[in-house]
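Notes for the structure review
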Amino acid sequence: MSDVSPHPRARAFSTTDDKTWATVAHLGGVLWFAPSLVIYLMTRARPSLARQESKEALNWQITFTALYAVVMTVEAFIAALLSLTPVALMLPVLAVLPTALYVVNAALSIRAGLRVNRGEPFRYPLSVRFIR
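Residues numbered from 1 in each chain as written. Predicted model: local features only at pLDDT ≥ 70, side-chain atom pairs only at ≥ 80, totals over all residues. Heavy atoms only, no water.

**Topic: the environment of Thr 43**
- Secondary-structure assignment places Thr 43 in helix α2 (residues 34-43).
- The spatial distance from the C-alpha of Thr 43 to the C-alpha of Ala 22 is 9.8 Å, given a sequence separation of 21 residues.
- Among the polar contacts made by the side chain of Thr 43, one reaches the side chain of Ser 54 at a distance of 3.5 Å. (Helix = DSSP H or I, 4+ residues; strand = E, 2+ residues; numbered from the N terminus. Polar contact = N/O pair within 3.5 Å; in protein donor to acceptor, adjacent residues only side chain to side chain.)

**Comments concerning the side chain of Thr 63**
- Looking at the element boundaries, Thr 63 is found in helix α3 (residues 49-82).
- The contacts of Thr 63, once residues within four sequence positions are left out, are Leu 126, Ser 127, Val 128 and Phe 130. (Contact = heavy atoms within 4.5 Å.)

**Considering the nonpolar core**
- Core analysis: the biggest nonpolar cluster contains 13 residues, and Trp 60, Leu 108, Phe 122 and Tyr 124 have the highest contact counts within it.
- Elements with a contribution of two residues or more to this core: α1 (15-27), α3 and α4 (96-117).
- Sequence-distant contacts of Tyr 124, that is, excluding residues within four places in its chain, are made with His 26, Glu 56, Ala 57, Trp 60, Leu 108, Ser 109, Ala 112 and Arg 129. (Core = buried A, V, L, I, M, F, W, Y, C linked by side-chain atoms within 4.5 Å. Buried < 20%, exposed > 50% of the residue type's maximum accessible area, 1.4 Å probe, protein only.)

**Quick look at the packing of aromatic side chains**
- Within this structure, the stated rule accounts for seven aromatic pairs.
- Their ring planes at 40 degrees and their centres at 5.1 Å tell us that Trp 32 and Phe 64 sit as a pair that is tilted. In this pair, Trp 32 is assigned in the loop between α1 and α2 and Phe 64 in helix α3, connecting sequence segments 32 residues apart.
- The partly exposed category is assigned to Trp 32, whose relative accessible area is 28%.
- With relative accessibility at 2%, the residue Phe 64 sits in the buried group.
- Between the aromatic rings of Phe 64 and Tyr 68, the centroid separation amounts to 5.8 Å while the plane-to-plane angle is 40 degrees, which identifies the pairing as tilted. Of this pair, Phe 64 and Tyr 68 both sit in helix α3, four residues apart, which is roughly one turn of the helix.
- Each residue in the set Trp 32, Trp 60, Phe 64, Tyr 68, Tyr 102, Phe 122 and Tyr 124 is aromatic and connected to the rest through ring pairs, giving one cluster. (Phe/Tyr/Trp six-rings, centres within 6.5 Å; stacked < 30°, edge-to-face > 60°.)

This is how it looks when you write it as structure tokens:
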């Protein structure tokens, strides 16, 4: 997939705006992928820090959402199996993993936002590059 060429009327952001949008793209990860997607779509025609960082945040949120869906599917299957046994009282324990995953996502998103706000780029660990 090729990069989008800059729109003839696309203006560059000021340095402050660029850093602000890049920070919000990461911090928005607390609300899943919607903020990073919107910011990426707004900035994809501009060569900017916001474009680079929103793409990074969006790739992480897509990776995280896919992982979360897999975990929820496996947990639903395990819950269905356990509900047939006397160990059904253990079902609330299954809520720990999705909660832990969300906490990791929120912590990484906040860490990334703070780092980008200081002017440093951020790469999420184990993020699949869906958007290049």
